[in-house]
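Next come the chains, spelled out residue by residue.
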Amino acid sequence: MAETLTSHNGAPANILASACPSRTVLRHLTDRWTPMIVAVLADQPSARFGEIKDHIEGLSPKVLTQTLRSMERDGLLTRAVTASMPPRVDYSLTPLGNTLIAPMNALRQWAETNMDAVLAARERYDRNVVAS
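Residues numbered from 1 in each chain as written. Predicted model: local features only at pLDDT ≥ 70, side-chain atom pairs only at ≥ 80, totals over all residues. Heavy atoms only, no water.

(A) View of the pairing of strand β2 (residues 77-82). Inspection of the sheet shows β2 paired to strand β3 (residues 88-93) by six bridges, in the antiparallel sense. Across the sheet, the residue bridging to arginine 79 is tyrosine 91, located in β3. Taking the residues between adjacent antiparallel strands as the criterion, β2 and β3 are bridged by five residues. (Pairing = 2+ DSSP bridges. Helix = DSSP H or I, 4+ residues; strand = E, 2+ residues; numbered from the N terminus.)

Here it is as structure tokens:
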């Protein structure tokens, strides 16, 4: 029998329930940048801010900072500061963050594999919307 997951208030975890904290967890995991940061840190167990930014095209420093803080708050990564001039800051996935690698890789593979089919569907849809 499957184990029932519970939230902080003891109610069963249910992503479809508006008050369930699992919704905010899912929102953080599926935001625009978290999956890409997980991909970078899966390939490179420890990376500096600039290295992460260099790997992900189109990601501004401000948004990277916000996303890294959110991921750290959620327990998905650690931020290690080494005293030097300037200070060195390295980011690594935590054991909890490492559990995201497989599902994020599956989503990434699906997106890359099905990209052409999705783009073709968009084109068909857009042609039909314009024609109607």
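(B) Summary view of the pattern of salt bridges. One pass over the structure, following the stated rule, counts two salt bridges. When the shortest N-O distance is used, the salt bridge between aspartate 90 and arginine 88 registers 2.8 Å. With a relative accessible area of 11%, aspartate 90 lands in the buried category. By relative accessible area, which is 34% here, arginine 88 ends up partly exposed. Here glutamate 112 makes a salt bridge to arginine 108, at a shortest N to O gap of 3.3 Å. Separated by four residues within a single helix, glutamate 112 and arginine 108 lie in helix α6 (residues 101-131), roughly one turn from each other. Given the relative accessible area of 41%, arginine 108 is considered partly exposed. (Salt bridge = Lys/Arg side-chain N within 4 Å of Asp/Glu carboxyl O. Buried < 20%, exposed > 50% of the residue type's maximum accessible area, 1.4 Å probe, protein only.)

(C) View of the sheet that holds β2. Spatially, three strands are ordered β1-β3-β2 in an open sheet, and the strand pairing comes out antiparallel. A strand with exactly one partner marks an edge of an open sheet, and here the two such strands are β1 (47-48) and β2. In the packing of helix α2 (residues 34-43) onto the sheet, the strands contacted are β1, β2 and β3, and the crossing angle to β3 comes to about 95°. (Contact = heavy atoms within 4.5 Å. Axes fitted to C-alpha atoms, helices over the stretch in contact; angles between N-to-C directions.)

Honestly, that's just the spatial picture; any functional story needs more than this.
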